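Notes for the structure review
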Amino acid sequence: MTAHPVPFAVKNPLSAKLNRGMAKPDAVRKAEENLSSIKEKTLAELDVALVEMQALATQTASAPSASGQDALYRLSNKIAGIAGTFGKGALGEAAYCLCDLLDRTNVAAKWPAGSIAVHLEGMKILRHVAASDEKTAEAILCGLYSVVNHVAPKPEP
Amino acid sequence: MAGKGPSEPPRINLATAQVLIVVASGGEQDILIQILSGYGVRTINRASSGAEALQTLERETYDMIIVDHALSEMDGFELIQAIRRESREANRFAPVILLGGHVRNADVAKARDCGASFVVSKPLSAQVLFDRIIWLARDQRKFVDCPVYAGPDRRFRAFGPPVGMSGRRHDDLSATLGKPDEPNLSQDAIDAMFSPAKASL
């Protein structure tokens, strides 16, 4: 039988900072004020990412490549990570769905150009759909999930 | 989540905290900086790659490190493993938050085993990140350092060793169940749990 590791105590540098300083409501309010100051700039970055993705989708439709797939995945993951912070949660979810599709795609087999194009069209619409228009967002997302589940179903664990 | 009293909101003074954020995209760096500044953090160092982060970790001591999983070359999981194994002692044991976006299927095990103190899923919100920092500040988990894993003990509760095995750690609970403190629930009480009735107020 191998020797099992013995857990050891360590000093947590954050624990001494607890129970004083800013209260949660004040900290969250200030953080949200700060975030609103960069909202427009960040949404403009998402628009640039969408344009880059469109160019990559066109390029890979005729010449699929692992590098093109990786670049698309990274841009999509970036949008998935940022959009929800600024009230574009449905756009982020669509981008996440495209990440699923790209992650499950074998570039050497069949390249899902049509499915990628559908996702991009959906993301462009969701970029401008108001957060209150939940029905439109839900309909688009349901369609995108159906596409991914049909074209690239989740692998068995 | 409470502060000192049960109804008080939690408080934390991060004015003197030194925080390192390791995020490749400038937009996501800005988001984190705005949130952390709102919490009162004054010293925020940023790195956009694992190599850059390891250089600053050699020079500075951090109270908290926030790492995005999607870094190029060395990914966020590999960076956290390097922090837990190779960096200076003060940084090795620092609270590390892993920011998770979409994780490739092939990377799920790496995410589990990298040694992060907490995983926060993107998109970030000011409220959720604050709660996670408070949780980390209260975290008293011990550390484990062995050939296959270095990081906070992943057992949140000690359920005891499997039946038939002796405990391997001094704080393991006994594998033998004692006598119950209270009598078993009646069958009527169990049935009632499965068919809740509408409350009449």
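Look a little higher up for the structure.
Residues numbered from 1 in each chain as written. Chains lettered and ligands numbered in written order. Predicted model: local features only at pLDDT ≥ 70, side-chain atom pairs only at ≥ 80, totals over all residues. Heavy atoms only, no water.

**Looking at the overall build of chain A**
What counts is decided by this rule: Only runs of H or I of at least four residues qualify as helices and only runs of E of at least two qualify as strands under DSSP, and these elements are numbered from the N terminus. All radius of gyration figures rest on C-alpha atoms, and the globule criterion is 2.2 Å times the number of residues raised to 0.38. Remark: exposure states derive from per-residue accessible area (1.4 Å probe, protein chains only) relative to the maximum for the residue type, with buried under 20%, exposed over 50%, and partly exposed in between. By definition, residues are in contact when any of their heavy atoms lie within 4.5 Å. Reported accessibility uses the Shrake-Rupley method at a 1.4 Å probe radius. Residues are deemed covered only where the shown protein chains occlude them. Neither His nor the chain ends contribute to the count of charged residues, in which Lys and Arg are positive and Asp and Glu negative. Just so you know, the charge point we use is NZ for Lys, CZ for Arg, CG for Asp and CD for Glu.
Of the regular secondary structure elements, chain A holds 6 helices and 1 strand. At 21 Å, chain A has a C-alpha radius of gyration far larger than the 15 Å of a compact globule built from 157 residues. Its C-alpha atoms give chain A principal-axis dimensions of about 60 × 55 × 30 Å. When the 157 residues of chain A are sorted by exposure, 41% land in the buried category. Restricting to contacts in chain A with at least 6 residues of sequence separation, those with at least 24 account for 68%. On chain A, roughly 8200 Å² of surface is accessible, and the fraction owed to carbon and sulfur atoms is 57%. Taken as two groups, the 17 positive and 16 negative side-chain charges of chain A have centres that lie 8 Å from each other.

**Notes on the sheet that holds strand E6 (residues 118-121) of chain B**
Strand pairing in a sheet is mediated by backbone hydrogen bonds. Such pairs are either parallel or antiparallel. Residue and element names in this part refer to chain B. Quick reminder of the rule: Two strands qualify as a pair provided that DSSP identifies no fewer than 2 bridges between them. To obtain an axis, a line is fitted to C-alpha atoms, over the contacting stretch when the element is a helix, and the angle between two such axes runs from 0 to 180 degrees between their N-to-C directions.
Judged by pairing direction, the sheet is parallel, and its 5 strands sit side by side in the order E3-E2-E4-E5-E6 without closing on themselves. Two strands in the sheet have a free side with no partner beyond their single neighbour: strand E3 (43-47) and E6. Direction aside, the axes of adjacent strands within the sheet are offset by 20° on average. Note: strand E2 (residues 18-22) against strand E4 (residues 64-68), 4 bridges, orientation parallel. Paired with Val-22 across the two strands is Val-67, which belongs to E4.

**Quick word on the nonpolar core**
Which entries qualify depends on this criterion: Among buried residues, those of type Ala, Val, Leu, Ile, Met, Phe, Trp, Tyr and Cys that are joined through side-chain atoms within 4.5 Å constitute a nonpolar core.
Ile-79 and Met-123 of chain A together with Leu-36, Tyr-39 and Ile-133 of chain B are the most contacted members of the largest nonpolar core, which totals 69 residues. Tallying contributions element by element places helix H4 (residues 89-103) of chain A first for this core, with 8 residues. Ignoring anything within four residues of it in the chain, the contact list for Tyr-39 of chain B reads Met-22, Ala-27 and Ala-31 of chain A together with Leu-14, Ser-125, Ala-126, Leu-129, Phe-130 and Ile-133 of chain B. Formed by 18 residues, the second largest nonpolar core is a distinct cluster that contains Ala-53, Leu-57, Leu-79 and Ala-94 of chain B.

**With respect to the packing of aromatic side chains**
The test is simple: Between rings of Phe, Tyr and Trp, where Trp is taken as its six-membered ring, a pair exists when centres lie within 6.5 Å; planes separated by under 30 degrees are stacked, by over 60 edge-to-face, and by other angles tilted. We count a charge as sitting over a ring when the NZ of a lysine or the CZ of an arginine lies within 6 Å of the ring centre and within 35 degrees of the ring normal.
The final tally for this structure, using the stated rule, is 5 aromatic pairs over all chains. Seen from the ring of Tyr-73 of chain A, Arg-104 of chain B lies directly overhead, with NZ or CZ sitting 3.8 Å from the centre.

**Remarks on empty space enclosed by the protein**
Rules: Cavity: a set of points on a 1 Å grid over the protein atoms alone where a 1.4 Å probe fits but cannot get out. Pocket: an open set with protein on both sides within 12 Å along at least five of seven lines, its lining residues, like those of a cavity, having an atom within 4 Å of a point. Grid points are joined across faces, edges and corners, and a volume is the space filled by probe spheres set on the points. Amino acids outside the nonpolar list (Ala, Val, Leu, Ile, Met, Phe, Trp, Tyr, Cys, Pro) and the charged list (Asp, Glu, Lys, Arg) are all regarded as polar, and Gly is one of them.
Going through the model one piece at a time under the given rule, you end up with 3 cavities of 30 Å³ or more. Roughly 130 Å³ of internal volume is contained in the largest cavity. In terms of lining, the largest cavity is formed by 13 residues, of which the most central are Asn-12 of chain A together with Phe-93, Asp-139, Arg-141 and Phe-143 of chain B. Partitioning the lining of the largest cavity into residue classes produces 7 nonpolar, 3 polar and 3 charged. Here the second largest cavity defines a volume of roughly 40 Å³. If you go around the second largest cavity, the residues you meet are Gly-81 and Thr-85 of chain A together with Val-23, Glu-28, Ile-31, Leu-32, Leu-99, Lys-122 and Leu-124 of chain B. Broken down by element, the residue count for the lining of the second largest cavity peaks at 3 residues, all from helix H1 (residues 26-38) of chain B. By residue class, the composition of the lining of the second largest cavity is 5 nonpolar, 2 polar and 2 charged.

**What about the packing of helix H2 (residues 50-59) of chain B against helix H3 (residues 76-86) of chain B?**
Residues and elements named next belong to chain B. What counts is decided by this rule: An angle below 35 degrees is treated as roughly parallel, one above 145 as roughly antiparallel, one from 65 to 115 as roughly perpendicular, and anything else as oblique. The sense of a crossing depends on the near helix, which, turned anticlockwise from the far helix by less than a right angle, makes the crossing left-handed and, turned clockwise, makes it right-handed.
With their axes 10 Å apart at the nearest point, H2 and H3 run at an angle of 25° to one another. Between H2 and H3, the crossing angle belongs to the class labelled roughly parallel. In this structure, H2 crosses over H3, and the sense of that crossing is right-handed. Every residue of H3 that contacts H2 at Gly-50, Ala-53, Leu-54, Leu-57 and Glu-58 is listed here: Leu-79, Ala-82, Ile-83 and Glu-86. Tallied by class, the residues present in the contact of H2 with H3 amount to 6 nonpolar, 1 polar and 2 charged.

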